[in-house]
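In case you want the letters, here they are:
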Amino acid sequence: MATGRPFQLVVFGASGFTGQFVVEELARVAAEDELRASVRWAVAGRSKEKLRAVLERAAEKLGKAELKSEVDIILCDVSDPTSLADMAKQAAIVLNCVGPYRFFGEPVVKACVENGASYIDISGEPQFLEGMYLKYNDKAAEKGVYVVGSCGFDSIPADMGVLYTRNNLKGTLTAIESFLNIQSGPEGSCIHDGTWKSAVYGFADQENLKKIRRQIGHKSLPVIGAKLKRRGAVFYSNELSQYSIPFMGSDVAVVKRTQRYLHTHLQETPVQYAAYATVGGIGSVIKLMFAGLLFLILVKFNFGRKLLVKYPEFFSGGYFTKDGPTQKQMEGSSFEMTFFGEGYSVGQDPKEGKPNVKICTQVKGPEAGYVATPIAMVQAAVVLLKDKSSLPKQGGVYSPGAAFAKTKLIDRLNNHGIEFSVISQPEV
């Protein structure tokens, strides 16, 4: 990976809604023993004033006045390839916070790969992630750089959670279901509408995703052990005593990419995976069904998409807003992702008989979008800097689990407030 560059880490889009929290988290981590005095970093974006304001706010919040003088500012614009190339040449790793990635991601990936910088983002957009694999995997491998997408809440808890569960099962893990439960405090919770835009355009463009997958041309992964049964569109989860629905994020697509990589390159048994989210009682289910139906109708038409993007608060029942959550809302929110795994005990052939071991694990952490996501992104960057010998030998475009399976990422996350634990040990 690029050494001898002015900056190990550059946060691009640092003055955006999520970018400002990534800057704060990086400032915290850069002051820890492991990185202190050894890491130089910068913020990058279009406006010097806004970038300076972000550094000032972080300095004030963390009581680190020196941030304003120690952290450099790089001016660059996603629509100006020369400025992106300039930024990439100065960085060992670029943390890209500029989304929706389907519109603004590729120029940054291209600049990084061509100029020898590794790249991390927090995209939850399978079409972008898999499109970048199709276009840049070979070139990144040739240059020896790592391009790792979905290093935020999408999809580090799910992807690393599956690997953690597998590593803690005595035997062969063959299937996992995860259930996401979001808790909010008295102030409620909401998400900035950047995520909403990504969802609107993602759902509208499913055909393109199928086309990209056909071009990549992967064979289907073999099903080992009992086939995992899919649940309905709405169902009552006895495990968590709540109604649940399939989780609409990118977790399933990302986990599948990791499982494919581990199976193809390391001959590991692929794990079947399904992701769900709890929605509470019957009242929540009815509200959600109405909102979901309206969304799916409107997203098919250009006019409908414009309406959805213009009035996110109205169409999401107040869950997505143009202002994003307040500090109080973030402080009162948290997430829990519970994994129910099954498999075969040591010496038992997964090709014969029913699964005979189970395991339950959990990943839990602070507010998902703007507290947990910056923690995950910054720790992924630290892994690229510090755990180099444990990364895949070849550069390329990777999912988090594929890139970080052998690294200390889970230990690092545990030390920074995203906790992985075994809830119940496997029982035969």
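Preceding this paragraph is the structure being described.
What you see is a predicted model, and the numbers here were worked out from it, not measured in a lab. Each chain carries its own residue numbering, running from 1 in the direction its sequence is written. Per-residue local features of the predicted model are confined to residues with pLDDT of at least 70, and side-chain atom pairs are confined, for both listing and counting, to 80 or more; whole-chain, interface and lining totals are unaffected and use all residues. Heavy atoms throughout the structure, all of them, feed into the side-chain values; hydrogens and water do not.

Undergrad: Honestly, the sheet that holds strand S2 (residues 41-45) in this entry has me stumped. Any pointers?
TA: The pairing of strands in a sheet comes from backbone hydrogen bonds and takes either a parallel or an antiparallel form. The criterion for strand pairing is that DSSP finds at least two bridges linking the strands in question. Strands are runs of DSSP state E lasting at least two residues, helices are runs of H or I lasting at least four, and both sets are numbered from the N terminus onward. If you trace the 7 strands from one edge of the open sheet to the other, you get S3-S2-S1-S4-S5-S6-S15, paired in parallel fashion. Every other strand in the sheet has two partners, leaving strand S3 (72-75) and strand S15 (396-398) as the edge strands with one partner each. Neighbouring strand axes in the sheet, compared pairwise and without regard to direction, differ in orientation by 20° on average. Sheet topology places strand S1 (residues 7-12) next to S2; 4 bridges connect them, and they run parallel. Along S2, the bridge assignment pairs Leu 9 with Trp 41. Geometry is summarised by axes, namely lines fitted to C-alpha atoms with helices restricted to the contacting stretch, and by angles between N-to-C directions that run from 0 to 180 degrees.

Undergrad: So what exactly am I meant to see when it comes to the packing of aromatic side chains here?
TA: Where two aromatic rings form a pair, the distance of their centres and the angle of their planes describe that pair. What counts as a ring pair is set by centres within 6.5 Å for rings of Phe, Tyr and Trp (its six-membered ring), and what kind of pair is set by the plane angle: stacked under 30 degrees, edge-to-face over 60, tilted for all other angles. According to the stated counting rule, one finds 20 aromatic pairs in the structure shown. An angle of 85° between the planes, with centres 5.0 Å apart, marks the rings of Phe 314 and Phe 315 as edge-to-face. Within the aromatic cluster, the residues linked to one another by ring pairs are Trp 196, Phe 203, Phe 295, Tyr 319 and Phe 320. One residue, Arg 231, lies across the ring of Tyr 276, its end atom 6.0 Å from the ring centre. Sitting over a ring, as applied to charges here, requires NZ of Lys or CZ of Arg to be within 6 Å of the ring centre and within 35 degrees of the ring normal.

Undergrad: Is there a simple way to think about the pattern of salt bridges in this case?
TA: Where charged atoms from two side chains of opposite charge approach closely, those side chains can pair. Think of a salt bridge as a Lys or Arg side-chain nitrogen and an Asp or Glu carboxyl oxygen that are within 4 Å of each other. This model, assessed by the stated rule, comprises 17 salt bridges. With its nearest N and O atoms 2.3 Å apart, the salt bridge here joins Glu 268 to Arg 166. One end of the pair, Glu 268, is in the loop between helix H11 (251-266) and strand S11 (272-280); the other, Arg 166, is in helix H8 (residues 156-168), and 102 residues separate them in sequence. One exposure class covers both Glu 268 and Arg 166, and it is buried. A salt bridge links Glu 268 to Lys 406, with the nearest nitrogen and oxygen atoms 3.4 Å apart. A simple rule labels every residue: compare its accessible area, found with a 1.4 Å probe on the protein chains alone, to the largest value its type can have, and call it buried under 20%, exposed over 50%, or partly exposed in between.

Undergrad: Just to check I follow, could you spell out the layout of surface pockets for this structure?
TA: Over the atoms rolls a probe the size of a water molecule, and its path tells where empty space is left. Here a cavity denotes a set of grid points, spaced 1 Å apart and computed over the protein atoms alone, in which a 1.4 Å probe fits but from which it cannot get out, and a pocket denotes an open set meeting protein on both sides within 12 Å along at least five of seven lines; residues with an atom within 4 Å of a point are reported as lining. Grid points are joined across faces, edges and corners, and a volume is the space filled by probe spheres set on the points. Considering only enclosed or pocket space, the second largest pocket measures out at about 420 Å³ in volume. Lining the second largest pocket are 19 residues; nearest its centre among them are Glu 177, Phe 340, Gly 341, Glu 342 and Lys 358. For the lining of the second largest pocket, the secondary structure elements donating two or more residues are strand S7 (172-183), strand S13 (334-344) and strand S14 (357-366). A breakdown of the residues in the lining of the second largest pocket according to their chemical character gives 8 nonpolar, 3 polar and 8 charged. Charged means Asp, Glu, Lys or Arg here, nonpolar means Ala, Val, Leu, Ile, Met, Phe, Trp, Tyr, Cys or Pro, and polar covers whatever is left, Gly included.

Undergrad: I'm lost on the nonpolar core in this one. Help?
TA: In plain words, nonpolar cores are sets of buried Ala, Val, Leu, Ile, Met, Phe, Trp, Tyr and Cys residues tied together by side-chain atoms within 4.5 Å. Counting residues in hydrophobic clusters, the biggest one holds 108 residues, and the most contacted among them are Phe 12, Trp 41, Met 87 and Phe 404. At 12 residues, helix H16 (residues 368-386) tops the list of elements feeding residues into this core. Those residues in contact with Met 87, other than ones at most four positions away along the chain, are Val 10, Phe 12, Ala 44, Ile 74, Cys 76, Val 94 and Val 108. Trp 196, Leu 298, Val 299 and Phe 320 belong to the second-largest nonpolar core, a separate cluster that totals 9 residues. Note on definitions: a residue-residue contact is assigned when non-hydrogen atoms from the two residues lie within 4.5 Å.

Undergrad: Hey, could you run me through the side chain of Gln 127 in this one?
TA: In this structure, Gln 127 sits in helix H7 (residues 126-143). By relative accessible area, Gln 127 is classed as buried at 16%. By the criterion applied in these results, polar contacts are pairs of N or O atoms within 3.5 Å in which, for protein atoms, one can donate a hydrogen and the other can accept it, and in which residues neighboring in sequence qualify only through two side-chain atoms. Within polar-contact distance, the side chain of Gln 127 engages the side chain of Asp 205 at 3.4 Å. Excluding residues that lie within four positions of it along the chain, Gln 127 makes contacts with Arg 102, Asp 205, Asn 208, Leu 209 and Ile 212.

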